[in-house]
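Here are the chains, one letter per residue:
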Amino acid sequence: MKIYNTLSRSIEEFKPLIDNQVKMYTCGPTVYDRMHVGNLRTFVLSDVLERALKLEGFKVESVQNITDVDDKIIKRAIESKKDLKEIADEFTKYFIDDVNKLNINWNSENQPKVSDYIEKIANYVKVLQDKGFAYEKDGSVYFDISKFEDYGKLSGIKNVSLKTGTRVLSDEYTKDDVQDFALWKHVPEGELGSFESSLGWGRPGWHIECSVMSQDKLGDTIDIHLGGVDLIFPHHENEIAQSEAKTGKQFSRFFVHGAHMLVDGKKMSKSLKNFYTLDDIIAKGIEPLALRYLYFQTHWRQEMNFTWEALSASQNALNRLKRIVSKYDDPKIGCAELEEKFKTAVNNDLNMPQALAVAWETVNSDYPSSAKKRSLLNFDEMLGLGLNSV
Ligand SMILES: [Zn+2]
């Protein structure tokens, strides 16, 4: 199997570090709002990669975190006069619901929450301090990027030394603001989002949580780390710095980043009112799996343009495919040649547009319908379009 690795900026042959055991971590949602169709595309990518690895015979251990302690959740809690947990629980429920509707096969046992990791995070931060990679300032603790030689290796940031020694407390910032970042933020006792820990009262920065949860659940080195391209900097760059500073070992061997999504050619935003959720899609009478089908029509590394016309065309195509499959004879032996072709597409950097084309090629082929049905149901192990549910 070949997949594009952001670390090397090239398509590489994938092999796990240990035998055929794949350890994979996907940055999960910050549960302060509904997920939009762009966020959901990344989670479908994670699901598809996991399915592809399993079909290749790998054993996959996959973890996705839930960020339930964060500046944005606190802001939302204050605005809506609710407590932090109430907001986080509400949007976690929505998220799980979306994931299920999109046939994303995640194991709910492997979704750690930040609120359950406060002390482990505090201990991790202390190790970084003891090793000289972090320092305290006004009760908060910062990572000293000048101490980590490889800083910038994922995002390609250069001249880091010019900007060290200044600090950023906010979790989100651009490449122009590359600075020492917060591992632990001091928050006075009693304030919303303040937790008691061995570092005193406060809460973890955003980046540290993924290093701690990933290494706690999957060990020092994982095979694949996945997220949207917007996470390359600063989030994943900072994760690498923290993790590798602590262990002295490589954090993740592969970084897989899903491309952005546009809506009608524009960036998605609440102010443009083009911020669509799965419920908006369902409200228009379209099935969630039609969205899954639509995702497959654009390669995961390409920017995708969402339009209602394209989604509606996907629904029609999916309906047609399901109708055709439902009329086929009972599945017998599949079409080996087409199954090989499908596998080649999937293993070639997860080329889902090509894989979908092979599914249609199968439909249009001269094989007996029992063979076509067998193959299409096999493809659906990967596609997850519910072709057997008609
Ligand atoms: Zn993360």
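See the structure above.
Residues numbered from 1 in each chain as written. Predicted model: local features only at pLDDT ≥ 70, side-chain atom pairs only at ≥ 80, totals over all residues. Heavy atoms only, no water.

Novice: Would you explain the overall build of the protein in this entry?
Specialist: A count of helices and strands for the protein gives 12 helices and 15 strands. In terms of C-alpha radius of gyration, the protein reaches 22 Å, essentially the compact-globule figure of 21 Å for 390 residues. Considering only C-alpha atoms, the protein reaches an extent of 70 × 45 × 35 Å along its principal axes. Out of the 390 residues belonging to the protein, those deemed buried represent 57%. When contacts within the protein are restricted to residue pairs at least 6 apart in sequence, those whose partners lie at least 24 apart make up 75%. Accessible surface, the protein as shown: approximately 17000 Å² in total, 47% of it carbon and sulfur. (Helix = DSSP H or I, 4+ residues; strand = E, 2+ residues; numbered from the N terminus. Rg over C-alpha atoms; globule rule 2.2 N^0.38 Å. Buried < 20%, exposed > 50% of the residue type's maximum accessible area, 1.4 Å probe, protein only. Contact = heavy atoms within 4.5 Å. Areas by Shrake-Rupley, 256 points an atom, 1.4 Å probe, with all protein chains shown as cover.)

Novice: Help me out: how do you make sense of the environment of Val141 in this one?
Specialist: Within the fold, Val141 resides in strand β6 (residues 140-143). In the structure, Val141 is positioned 84 residues away from Gly57 in sequence and 43 Å away in space, judged by C-alpha atoms. Dropping the residues within four chain positions of it, Val141 is found in contact with Val125, Gln129, Ala134, Tyr135, Glu136, Phe181, Ala182, Leu183 and Trp184.

Novice: How should the environment of Gly258 be read in this particular structure?
Specialist: Mapping Gly258 onto the fold places it in strand β12 (residues 252-258). Non-local contacts of Gly258, meaning those with residues more than four positions away in its chain, are made with Leu45, Gly227, Gly228, Val229 and Trp300.

Novice: Could you clarify how one ought to interpret the pairing of strand β10 (residues 200-204) in this entry?
Specialist: Along any regular strand the residues' side chains alternate between the sheet's two faces. When strand β8 (residues 180-186) meets β10, the two strands line up antiparallel, connected through 3 bridges. In the sheet register, His186 faces β10, and the bridge partner there is Gly202. The sheet contact formed by strand β9 (residues 195-197) and β10 spans 3 bridges and is antiparallel. Of the residues in β10, the one forming a bridge with Ser197 is Gly200. Connecting β9 to the next strand, β10, in antiparallel fashion are 2 residues. (Pairing = 2+ DSSP bridges.)

Novice: Hey, could you run me through the coordination of the zinc ion in this one?
Specialist: A four-donor tetrahedral metal ideally has 109.5 degree angles, and a six-donor octahedral metal ideally has angles of 90 or 180 degrees. All of the protein donors around the zinc ion are Cys27 (SG), Cys210 (SG), His235 (NE2) and Glu239 (OE); their distances to the metal are 2.0 to 2.6 Å. With 4 donor atoms in place around the zinc ion and angles of 69 to 127 degrees between them, the coordination shape is irregular. Read from N- to C-terminus, the donor residues coordinating the zinc ion fall into the pattern C-x182-C-x24-H-x3-E. Placement of Cys27 in the loop between β3 (21-26) and α1 (37-55) and of His235 in helix α6 (residues 232-247) is noted, with a sequence separation of 208 residues between them. For the pair Cys27 and His235, a shared accessibility class is recorded, and that class is buried. (Donors = N, O, S within 2.8 Å, 3.2 Å for Na, K, Ca; no water. Tetrahedral: all angles 85-135°; square planar, octahedral: opposite > 155°, others 65-115°.)

Novice: Quick question: what am I supposed to make of the pattern of salt bridges here?
Specialist: Pairing between side chains becomes possible if they bear opposite charge and their charged atoms approach one another. Enumeration according to the criterion identifies 25 salt bridges in this entry. Among the ionic pairs, Asp47 bridges to Arg292, the shortest N-O distance being 2.8 Å. Of the two residues, Asp47 sits in helix α1 while Arg292 sits in helix α8 (residues 288-296), which places them 245 residues apart along the sequence. Grouping residues by exposure puts Asp47 and Arg292 together as buried. A salt bridge links Asp171 to Lys185, with the nearest nitrogen and oxygen atoms 3.3 Å apart. Here Asp171, found in the loop between β7 (167-168) and β8, pairs with Lys185, found in strand β8; they are 14 residues apart in sequence, far enough to count as distant. (Salt bridge = Lys/Arg side-chain N within 4 Å of Asp/Glu carboxyl O.)

Novice: Honestly, α8 in this entry has me stumped. Any pointers?
Specialist: In an α-helix, one turn spans 3.6 residues; hence positions three or four apart end up facing the same way. Most of α8 is tucked away: 9 of the 9 residues are buried. Among the residues of α8, those classed as buried are Pro288, Leu289, Ala290, Leu291, Arg292, Tyr293, Leu294, Tyr295 and Phe296.

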